[in-house]
Amino acid sequence: MIEGKIEGLSHITLMTSDLARMTAIVEQVLDGKEIYSSGDETFSLSREKFFIAGGHWIAVMEGESLPSRTYNHIAFKIPASAIDDYRARIEKLGLEFRESRPRVEGEGHSLYFYDHDNHLFELHAGTLEERLDRYRQGRL
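What counts and what doesn't
- Residues numbered from 1 in each chain as written.
- Predicted model: local features only at pLDDT ≥ 70, side-chain atom pairs only at ≥ 80, totals over all residues.
- Heavy atoms only, no water.
- Core = buried A, V, L, I, M, F, W, Y, C linked by side-chain atoms within 4.5 Å.
- Buried < 20%, exposed > 50% of the residue type's maximum accessible area, 1.4 Å probe, protein only.
- Helix = DSSP H or I, 4+ residues; strand = E, 2+ residues; numbered from the N terminus.
- Contact = heavy atoms within 4.5 Å.
- Polar contact = N/O pair within 3.5 Å; in protein donor to acceptor, adjacent residues only side chain to side chain.
- Pairing = 2+ DSSP bridges.
- Axes fitted to C-alpha atoms, helices over the stretch in contact; angles between N-to-C directions.

Let's talk about the nonpolar core
Formed by 24 residues in total, the largest nonpolar core has its most connected members in V29, L30, V60, I90, F113 and L123. Among the elements that make up this core, the one with the highest residue count is helix α1 (residues 19-29) (five residues). For L123, the residues in contact, after removing those within four places along its chain, are V29, L30, F76, I78, Y86, I90, H109, S110, L111 and F113.

In structure tokens, the structure reads:
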């Protein structure tokens, strides 16, 4: 038996072909604050930067882009009242939106967008509890 349990999310690492472009996305769309930049003194696989966004540690490292786009994604919670503001931020950086999947009323609204390395991000206004409550109602 394992003595310890998962305590929570440690960090998310994303590979990027362009640290400056990814920095703009993390700072301008995800409200991230840069807390470390390796510059040319690398300790890991390549040059990297660390950010705190929504209380989470996000590491971005120089490397190859993902070869294709999928529905694998990282979702960040935002207030419903801020959807239009976030849409404007994404548009300002010229990022490509992905159509939201079909939803039933009450499970929350989302904005999906791809970065230049084929990562898919979701900005979601809603909670797990709200979604589960809605799903328990079945298809109305």
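Next, the rest of the story.
Topic: α1
Those residues of α1 lying buried are L19, M22, T23, A24, I25, V26 and V29. The N-cap of α1, judged by a side-chain oxygen 3.0 Å from the amide nitrogen of A20 a few residues on, is D18. Two residues or fewer past α1, D31 is found with a positive phi of approximately 60°.

A closer look at the sheet that holds strand β7 (residues 109-114)
Taken together, four strands build an open sheet; the order of strands is β5-β8-β7-β6 and the sheet is mixed. Looking at the sheet topology across the chains shown, the edges are occupied by β5 (73-77) and β6 (96-98). Across the sheet, the mean angle from the axis of one strand to that of its neighbour is 30°, orientation sign disregarded. In the sheet, β7 pairs with strand β8 (residues 120-125) via six bridges, with the strands oriented antiparallel. Counted as the bridge partner of Y112 is E122 from β8.

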